[in-house]
Amino acid sequence: MATSSDTPHQGANLPTLSIQTLGLMFISGFVATIAFDLWGQVISPSLGFANLSPHGLARSLLGSLGLPNGNFAGYFVHFYLVGLIGYPVGWLCIFRPVWMRVLGNPGGWLVGSAAYGFGLWIFAIGGITMIAGLPFFLNFTGITWVALVGHVLYGIVMVATMQAIDHD
């Protein structure tokens, strides 16, 4: 069993590159991406809200960069590059260390993970959409708000999964 000083997501230090860290990223990213897609593509539309199409945003971004932007490429970027790698790396190597050094740990992991999800929403819907040639924050339509809930949910589920793995 790992001690809190051994785990890749404790404290303000950067994680060590190890099989444990990679496994933690992939498993937590997988679970969080499933939660995000379940919310955005099943629950939200069934409640009468917008249906998210994150692979569509990825396709738009790829196309704006002159890269292949078929369905496979969109799903690959959304699920693998962003969900399993990019966002978990962002938490472990950028956001969490800065959050811990600057603010300490106000509200525990839940507050930090929700703040991280909010930041992901600003990054994806406020920034990536503009690079992809789409309207800023998608003109604040229903998709914008469903995406806000989805990104905050992603952050919370990802870190909760990391916590659950660490505490087994």
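Residues numbered from 1 in each chain as written. Predicted model: local features only at pLDDT ≥ 70, side-chain atom pairs only at ≥ 80, totals over all residues. Heavy atoms only, no water.

Visitor: Summarise the packing of aromatic side chains; cite the residues concerned and give the values.
Guide: One pass over the full model with this rule turns up 16 aromatic pairs. Ring centres 5.4 Å apart and planes at 25° place the aromatic pair Phe 95 and Trp 99 in the stacked group. Residue Phe 95 and its partner Trp 99 are located together in helix H3 (residues 71–103), separated by four residues, close to a single helical turn. Of the residues examined, Phe 95 reaches a relative accessible area of 21% and is grouped as partly exposed. Ring plane angle 35° and centroid distance 5.9 Å describe the contact between Trp 121 and Trp 145, whose orientation is recorded as tilted. Of this pair, Trp 121 sits in helix H4 (residues 108–131) while Trp 145 sits in helix H5 (residues 142–166); the two residues are 24 residues apart in sequence, bridging distant segments of the chain. The buried category is assigned to Trp 121, whose relative accessible area is 6%. Of the residues examined, Trp 145 reaches a relative accessible area of 42% and is grouped as partly exposed. Members of the aromatic cluster, each reached through a chain of ring pairs, are Phe 118, Trp 121, Phe 136, Phe 137, Phe 140 and Trp 145. (Phe/Tyr/Trp six-rings, centres within 6.5 Å; stacked < 30°, edge-to-face > 60°. Helix = DSSP H or I, 4+ residues; strand = E, 2+ residues; numbered from the N terminus. Buried < 20%, exposed > 50% of the residue type's maximum accessible area, 1.4 Å probe, protein only.)

Visitor: Describe the nonpolar core, listing the residues and the values that go with them.
Guide: In terms of nonpolar packing, the biggest core is built from 29 residues, with Tyr 87, Trp 91, Tyr 116, Ile 125, Tyr 154, Met 158 and Met 162 touching the most fellow members. Elements with a minimum of two residues in this core: helix H1 (19–46), helix H2 (54–64), H3, H4 and H5. Contacts of Trp 91, omitting those with residues within four sequence positions, involve Arg 96, Pro 97, Gly 112, Ser 113, Tyr 116, Met 158, Val 159 and Met 162. (Core = buried A, V, L, I, M, F, W, Y, C linked by side-chain atoms within 4.5 Å. Contact = heavy atoms within 4.5 Å.)

Visitor: Summarise a nonpolar patch on the surface; cite the residues concerned and give the values.
Guide: A grouping of Leu 17, Ile 19, Leu 22, Phe 26, Phe 72, Phe 76, Tyr 80, Leu 81 and Ile 85 is seen on the molecular surface, where their side chains present a nonpolar patch of about 960 Å² in accessible area. If you trace the backbone, Phe 76 turns up in helix H3. Classification of Phe 76 by relative accessible area gives partly exposed; the value is 34%. (Patch = residues over 30% accessible without salt bridge, like charges linked within 9 Å, V, L, I, M, F, W, Y side chains within 5 Å. Areas by Shrake-Rupley, 256 points an atom, 1.4 Å probe, with all protein chains shown as cover. Salt bridge = Lys/Arg side-chain N within 4 Å of Asp/Glu carboxyl O.)

Structural measurements only, silent on function.
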